[in-house]
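Next come the chains, spelled out residue by residue.
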Amino acid sequence: MNLSPNHGSRRDGAVPDLIVIHYTAMATFEAARDRLCDPAAEVSCHWLIAEDGRVLQLVDEALRAWHAGAGEWAGRDDVNSRSIGIELANDGASPFPEPQMRALEGLLHGIMARWSIRPAGVIAHSDMAPDRKSDPGPRFDWRRLARQGLAVWPGPALPGDFDAHLRAFGYPCAALEAFRLRFRPWARGPLDDTDRALAAGLDAAARTA
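Throughout this document, residue positions are counted from 1 along each chain, in the order its sequence is written. Under the rules for a predicted model, residues below a pLDDT of 70 receive no local features and side-chain atom pairs below 80 are neither given nor counted, while totals for whole chains, interfaces and linings still include all residues. Think of the side-chain values as coming from all heavy atoms in the structure, minus any hydrogens and water.

Would you mind showing me how to read helix H6 (residues 176-183) here?
Along an α-helix, residues three or four apart share an orientation, since each turn contains 3.6 residues. The element H6 is largely enclosed, with a buried count of six among its eight residues. Throughout, exposure labels follow a simple rule: accessible area from a 1.4 Å probe, protein chains only, divided by the maximum for the residue type, with under 20% read as buried, over 50% as exposed, and the rest as partly exposed. In DSSP terms, a helix is any run of H or I states spanning at least four residues, a strand is any run of E spanning at least two, and both are numbered starting from the N terminus. Those residues of H6 that fall on the buried side of the exposure criterion are Ala 178, Phe 179, Arg 180, Leu 181, Arg 182 and Phe 183. Contacts: residue pairs with any heavy atoms within 4.5 Å of one another. Among the structural elements, strand S7 (122-124), helix H3 (125-128), helix H4 (142-147), helix H5 (162-169) and helix H7 (193-208) are those in contact with the buried residues of H6.

Honestly, the pattern of salt bridges in this entry has me stumped. Any pointers?
Any two side chains of opposite charge can pair if their charged atoms end up close together. Each reported salt bridge corresponds to a side-chain nitrogen of Lys or Arg within 4 Å of a carboxyl oxygen of Asp or Glu. Counted under the stated rule, the structure contains 18 salt bridges. Across the pair Arg 82 and Asp 17 runs a salt bridge, and its minimum N-O distance is 3.2 Å. A residue pair is termed long-range when its members are at least 10 positions apart, and Arg 82 in the loop between strand S5 (64-65) and strand S6 (83-88) and Asp 17 in the loop between strand S1 (7-8) and strand S2 (18-23) qualify at 65 residues. The salt bridge partner of Arg 54 is Glu 30, with a shortest N-O separation of 3.7 Å. Separated by 24 residues along the polypeptide, Arg 54 in the loop between strand S3 (47-49) and strand S4 (55-57) and Glu 30 in helix H1 (residues 29-36) bring together distant segments of the chain.

Sorry if this is basic, but what is going on with the sheet that holds S7 here?
Strand pairing in a sheet relies on backbone hydrogen bonds, with the paired strands running either antiparallel or parallel. Strand order in the open sheet made by the five strands is S4-S3-S6-S2-S7, with mixed pairing throughout. With one partner strand each, in any of the chains shown, S4 and S7 form the two edges of the open sheet. Shown here is a sheet whose adjacent strand axes are inclined to one another by a mean of 25 degrees, direction ignored. One bridge is not enough; two strands pair if DSSP finds at least two bridges between them. Taken together, the three bridges between S2 and S7 define a ladder with parallel strand orientation. Within the sheet, the bridge partner assigned to Ile 19 lies in S7 and is Val 122. Every angle, taken between N-to-C directions, lies between 0 and 180 degrees, and every axis is a line fitted to C-alpha atoms, over only the stretch in contact when it is a helix. The strands touched by H1 within the sheet are S3, S4 and S6, with S3 carrying the most contacts at an inclination of about 165 degrees.

Can you help me understand the pairing of S2 in this one?
The side chains of a regular strand alternate, first on one face of the sheet and then on the other. Across the six residues that make up S2, a large majority, six, are buried. Where S2 lies against S6, six bridges are found, and the strand directions are parallel. In the sheet register, Leu 18 faces S6, and the bridge partner there is Ser 83.

Looking at this structure, I do not really get the nonpolar core. What am I missing?
Nonpolar side chains tend to gather and get buried jointly when the protein is soluble and globular. Buried Ala, Val, Leu, Ile, Met, Phe, Trp, Tyr and Cys residues form a nonpolar core when they are joined through side-chain atoms within 4.5 Å. Ile 86, Leu 104, Leu 108, Phe 140 and Leu 145 are the most contacted members of the largest nonpolar core, which totals 24 residues. Among the elements that take part in this core, helix H2 (residues 98-115) stands out by supplying seven residues, more than any other. Leave out the neighbours within four places in its chain, and Leu 145 touches Ile 21, Met 101, Leu 104, Glu 105, Leu 108, Phe 140, Leu 150 and Ala 151. Ala 68, Phe 169, Ala 175 and Leu 202 belong to the second-largest nonpolar core, a separate cluster that totals 22 residues.

Explain the packing of H5 against H7 to me, please; I cannot follow it from the model alone.
Relative placement of two packed helices is described by the angle separating their axes and the distance separating the axes. Between H5 and H7, the shortest axis-to-axis distance is 9 Å and the interhelical angle comes to 30 degrees. Taken as axis vectors, H5 and H7 run roughly parallel relative to one another. Crossing of H5 against H7: the hand is left-handed. For the pair formed by H5 and H7, the contact residues are Phe 162, His 165, Leu 166, Ala 168 and Phe 169 on the first element and Asp 195, Arg 196, Ala 199, Ala 200, Leu 202, Asp 203, Ala 206 and Arg 207 on the second. Residues were grouped as follows: Ala, Val, Leu, Ile, Met, Phe, Trp, Tyr, Cys and Pro as nonpolar; Asp, Glu, Lys and Arg as charged; and all remaining residues, including Gly, as polar. Classifying every residue of the contact of H5 with H7 by side-chain character gives eight nonpolar, one polar and four charged. When describing relative orientation, an angle under 35 degrees is termed roughly parallel and one over 145 degrees roughly antiparallel, while 65 to 115 degrees is termed roughly perpendicular and anything else oblique. Crossing chirality is assigned from the near helix's rotation relative to the far helix, an anticlockwise turn below a right angle marking it left-handed and a clockwise turn marking it right-handed.

How should unusual backbone geometry be read in this particular structure?
Across residues other than glycine, the phi torsion is negative in most instances, and most of the peptide bonds are trans. The amide bond that connects Asp 135 to the next residue, Pro 136, takes the cis arrangement and shows omega of 5 degrees. Along the chain, the position of Pro 136 falls in the loop between H3 and H4. Despite not being glycine, Asp 78 has its phi angle at roughly 45 degrees, a positive value. Looking at the secondary structure, you find Asp 78 in the loop between S5 and S6.

Next comes the structure, spelled out in structure tokens:
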């Protein structure tokens, strides 16, 4: 049974090849749950994880939840039809607690195995919608996931064509702000050779992950 009514069939026979990680940007887990289950809100996700590690399924993974919105990845839109959405209860400024991260890791292991999703297919909401989204934000530990094979992290590389490497990874544009948000959140200023080297290393890591 789906707790949220906000879902439909995946379009054109699509099956999940992406996992999109979000934060709820709400004060409590309960408030987020209620909104994600409210027909008037017209938003949902497949899974919601509380700060204390509680995991709640809102929509069956075989169905199309309404979590990603407008955006694209690897040149394809309708990300909702080809993804599974995970919302982390977080106000957008606080760190992600250890119980929540452990629960996320366990959930990712299962989803990736069920749907044969590669580590490069685990992305941020801000990755696929860089002009309008910032979640899961600068405090989310992507390197931790990558160490477990649950995401990718750039390896050492020489500076290259930033735009070309980001597009090869899947970004819809040369999204410097979104790229830094995930891989170099402390960085400021214009594009530099560190960004270019990380982009090249990310592209290479994604090809082998």
